[in-house]
Amino acid sequence: MTSGGGERMAPFYCPYCGEENLEPREEHGSWFCPDCVRSFTLKFLGVGAPRTTSKEIPR
């Protein structure tokens, strides 16, 4: 998946049933699985470890 208005990548399988037969929906990052009749949305959050709010210095 890409951020911004770029082309979206297709997920390899449904996160609920594991089937690979997915259809894109109108909404960006949204997919429909006709096998389990579920819709879901994917969102790319970033690369790397999230920052911690702790004041400790990582070693």
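Please read all numbers here as calculations on a predicted model, not as lab measurements.

Caption draft 1: Structural view of the overall build of the protein chain. For the protein chain, the count of helices and strands is zero helices and three strands. Tracing the protein chain from N to C terminus, the helices and strands come up as β-β-β. Counting all 59 residues of the protein chain, 14% fall into the buried class. In the protein chain, 15% of the contacts between residues at least 6 apart in sequence involve partners at least 24 apart. Of the accessible surface of the protein chain, which amounts to about 5,400 Å², a share of 52% is contributed by carbon and sulfur atoms.

Caption draft 2: Layout of the pairing of strand S2 (residues 30-33). Relative to S2, strand S1 (residues 23-24) runs antiparallel, the two sharing two bridges. Residue pairing for S2: Pro 24 is matched across the bridge by Trp 31. Hairpin connection, S1 to S2: the antiparallel pair is bridged by five residues, and Gly 29 has positive phi, about 80 degrees. Examined bridge by bridge, S2 and strand S3 (residues 38-41) share four bridges and lie antiparallel to one another. Within S3, the position partnered with Trp 31 by the bridge is Phe 40. The hairpin formed by S2 and S3 contains four residues between the paired strands, and Val 37 there has a positive phi angle of roughly 55 degrees.

Caption draft 3: Summary view of the sheet that holds S2. If you walk across this open sheet you meet the three strands as S1-S2-S3, and the pairing is antiparallel. The open sheet has two free edges, formed respectively by S1 and S3, since each of these has just one partner strand.

Rules used throughout
- Residues numbered from 1 in each chain as written.
- Predicted model: local features only at pLDDT ≥ 70, side-chain atom pairs only at ≥ 80, totals over all residues.
- Heavy atoms only, no water.
- Helix = DSSP H or I, 4+ residues; strand = E, 2+ residues; numbered from the N terminus.
- Buried < 20%, exposed > 50% of the residue type's maximum accessible area, 1.4 Å probe, protein only.
- Contact = heavy atoms within 4.5 Å.
- Areas by Shrake-Rupley, 256 points an atom, 1.4 Å probe, with all protein chains shown as cover.
- Pairing = 2+ DSSP bridges.

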